[in-house]
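Architecture and fold: a report
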Amino acid sequence: MEKSTKRNSFKGSIGFVLAAAGSAVGLGNIWRFPYLAAKDGGGMFLAVYIILALTFGFTLLITEVAIGRKTKQSPLTAYGKLHSKWKGLGIIACIVPVIILPYYCVIGGWVIKYLLVYLTGNGVNAAKDGYFTGFISGQAEPIIMMLIFLFAVVFVVFRGVNKGIESLSKILMPILLLFVVIIAVFSLTISHTDDNGVTRTGMEGFGIYVIPDFNGMTYQSFMNVLVDAMGQLFYSLSVAMGIMITYGSYVHDDANLKSSINQIEIFDTVVAFLAGVMIIPAVYTFAGTEGMEASGPGLMFVTLPRVFEAMGGIGHIVACLFFIMVLFAALTSAVSIMEAVVSSFMDKFNITRTKATTVETVIAIIVGLLVCLGYNALYFEMPLPNGSTAQILDIMDYTSNNILMPIVAIGTCILIGWIVKPKLVIDEVEKTGVKMGRKKLFVVMIKFVAPILLAILFLKSILP
Ligand code: PHE
């Protein structure tokens, strides 16, 4: 069912690029990329990541954006429009953001809490043992913070594509980049002597980050680097969850897709790289190599508050900048997640933005409450196939990232590569008269390399 009203679109390609980069730059860039780079031999990981971004990442991203622009539909209906037998893939692609939004908002709430702690001058508490677990297992606070974050997201999505998403991204993304650069430069200038009289500097930490470490490199460990880099890239570009299809559907027919895709990838990779320059030297200087073993919430909410504390007075200012920056990154990502669902509901059921947003907000609140209670009244421990123990949040994260997203991505490659044929994407990109370039590479990637790499990733993440 087509809507009679005209579809919204981004005013200009800068708006599109910043909105898509806002989606791509998220928690993953900050709490996972630096950790993987440090673990996987520094420069070695960076090199593999960049090569994959230019090939595998480019293929997935341009495919989704082109599907969106060609069909002018969001994921729930876009796949069916390409091929009537592939409607099901659209449903899975739309379920992914429905699952992700609630727990992303819970984590967004944690970021708000830490920002408030530092803004009110209570950073010292955040560095204490057990502070983070105490907070997330609390009764009301995590729920209130989640709701504040969610309502900020809802506000933006309510305002629509131009007044909401595009304007927000144009303001937040440049500030985010500026803050990342400031903190990164600061991180390179620090040094610290610990209780044992050992002095470490930010520059040494930077060396660990960028200089390739081939020590003990084997075929097996190289494969691990490859899988890590691929998994990270895949998550980081926000593909396989309908977001880029949705944003693509708002791109003008005369916009140059190829250069926009390149800019989005550059933005995402630069922020990921700078996040490493920000975090690795600081953690190394104040917490040594052992400090670098944490990623995810452990890094952001436990290790880093200790590092900020060890920096002395200036640490609290750096912490404020840091959590504002993280909040911006999380907000623009969460907005894109919600927009993928809202836009899908609008296209499929022909309802207004207000109605679609309201429905998705109610779902997010109910599921978000369950996620919060997962650390409190509903606490349990469940082992996952990858060996970790999980609460509700981890189970949702695992289901979306490790199971559904690879399925959507493999399905998209098969649909485009073999059924509707890569020419559809190439024609969409070239219809404005630009040459797509790397065309042969694109065809080989989408037909063979990407689905095989994705299948390896999928198997690796579901097998113990
Ligand atoms: N791409 C974002 C990141 O790197 C994460 C994200 C996940 C964004 C899911 C939107 C949806 O952190």
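Higher on the page you've got the structure.
Scanning the chain for helices and strands turns up 19 helices and 4 strands. Computed over the C-alpha atoms, the radius of gyration of the chain is 21 Å, within 12% of the 23 Å expected from 2.2 N^0.38 for a compact globule of 464 residues. The principal-axis extent of the C-alpha atoms belonging to the chain is close to 65 × 50 × 40 Å. The buried share of the chain, reckoned over its 464 residues, is 58%. Per element, the accessible surface of the chain, about 17,800 Å² overall, is 67% carbon and sulfur. Across the chain, the mean location of the 32 positive side-chain charges is 15 Å away from that of the 27 negative side-chain charges.

A separate point is helix α1 (residues 13-24). Between its first and last C-alpha atoms α1 spans 16 Å; for 12 residues at 1.5 Å apiece the expected length is 16 Å, and the two agree. Counting buried positions over the 12 residues of α1 gives 10, a clear majority of the element. Every buried residue of α1 is accounted for by Gly-15, Phe-16, Val-17, Leu-18, Ala-19, Ala-20, Ala-21, Gly-22, Ser-23 and Ala-24.

In this section: the site of the ligand. By nearness alone, 15 residues border the ligand, and Ala-24, Gly-26, Gly-28, Asn-29 and Tyr-235 come closest of all. Taking Leu-27, its main chain carries an N or O atom lying 3.0 Å from an oxygen atom of the ligand. Relative to its free-state accessible area of 320 Å², the ligand is covered by the protein chains to the extent of 100%. Elements represented by at least two residues in the shell around the ligand include exactly α1, α2 (27-31), α6 (87-119), α11 (219-236) and α15 (313-349). It is α2 that contributes the most residues to the shell around the ligand, 3 residues altogether.

Here the focus is a nonpolar patch on the surface. The grouping of Ile-414, Trp-418, Ile-419, Val-444, Phe-448, Val-449, Ile-452 and Ile-456 at the surface amounts to a nonpolar patch, some 650 Å² of accessible area in total. For the nonpolar patch, the secondary-structure elements that each account for two or more residues are α17 (392-419) and α19 (439-462). The greatest single-element share of the nonpolar patch, amounting to 5 residues, is contributed by α19. Topologically, Val-449 is positioned in helix α19.

With that settled, consider the packing of aromatic side chains. Taken as a whole and assessed by the stated rule, the structure comprises 23 aromatic pairs. Each ring, one from Phe-10 and one from Tyr-250, has its centre 5.8 Å from the other, and the planes form 80°; the classification is edge-to-face. One end of the pair, Phe-10, is in the segment before α1; the other, Tyr-250, is in the loop between α12 (243-249) and α13 (257-291), with 240 residues separating them in the sequence. Given the relative accessible area of 1%, Phe-10 is considered buried. Three or more aromatic residues joined by ring pairs form one cluster here, namely Trp-110, Tyr-114, Tyr-118, Tyr-131, Phe-132, Phe-301, Phe-308, Phe-322, Phe-323 and Tyr-375. A cation over a ring is seen here: Arg-200 above Tyr-284, with NZ or CZ 5.8 Å from the ring centre. Over the face of the ring belonging to Phe-58 we find Arg-438, whose NZ or CZ atom lies 4.2 Å from the ring centre.

On to the nonpolar core, then. Formed by 170 residues in total, the largest nonpolar core has its most connected members in Phe-56, Trp-110, Met-278, Phe-322 and Phe-323. Considering each element in turn, this core owes the most residues, 21 residues, to α15. If sequence neighbours within four positions are ignored, Phe-323 has contacts with Val-111, Tyr-114, Leu-115, Tyr-118, Met-300, Phe-301 and Phe-308.

Turning our attention to helix α18 (residues 423-430). Three or four residues apart is the spacing at which side chains of an α-helix point the same way, because the helix has 3.6 residues per turn. Across the 8 residues that make up α18, a large majority, 6, are buried. Turning to α18, its buried residues number three or more, namely Leu-424, Val-425, Ile-426, Glu-428, Val-429 and Glu-430. Those residues of α18 hidden inside the fold are in contact with α4 (43-71), α5 (75-82), α13, α17 and α19.

For Thr-332, the position within the fold is in helix α15. For the pair Thr-332 and Gly-231, spaced 101 residues apart in sequence, the C-alpha separation works out to 21 Å. Ignoring anything within four residues of it in the chain, the contact list for Thr-332 reads Gly-22, Ser-23, Val-25, Leu-168, Leu-172 and Met-173. Polar contacts involving the side chain of Thr-332 include one to the main-chain carbonyl oxygen of Gly-22, which spans 3.0 Å.

Here is what the cut-offs are and how they apply
- Residues numbered from 1 in each chain as written.
- Predicted model: local features only at pLDDT ≥ 70, side-chain atom pairs only at ≥ 80, totals over all residues.
- Heavy atoms only, no water.
- Helix = DSSP H or I, 4+ residues; strand = E, 2+ residues; numbered from the N terminus.
- Rg over C-alpha atoms; globule rule 2.2 N^0.38 Å.
- Buried < 20%, exposed > 50% of the residue type's maximum accessible area, 1.4 Å probe, protein only.
- Areas by Shrake-Rupley, 256 points an atom, 1.4 Å probe, with all protein chains shown as cover.
- Lys, Arg positive; Asp, Glu negative; His and termini not counted.
- Charge placed at Lys NZ, Arg CZ, Asp CG, Glu CD.
- Expected span 1.5 Å × (residues − 1).
- Near = heavy atom within 4 Å.
- Polar contact = N/O pair within 3.5 Å; in protein donor to acceptor, adjacent residues only side chain to side chain.
- Patch = residues over 30% accessible without salt bridge, like charges linked within 9 Å, V, L, I, M, F, W, Y side chains within 5 Å.
- Salt bridge = Lys/Arg side-chain N within 4 Å of Asp/Glu carboxyl O.
- Phe/Tyr/Trp six-rings, centres within 6.5 Å; stacked < 30°, edge-to-face > 60°.
- Lys NZ or Arg CZ within 6 Å of the ring centre and 35° of its normal.
- Core = buried A, V, L, I, M, F, W, Y, C linked by side-chain atoms within 4.5 Å.
- Contact = heavy atoms within 4.5 Å.

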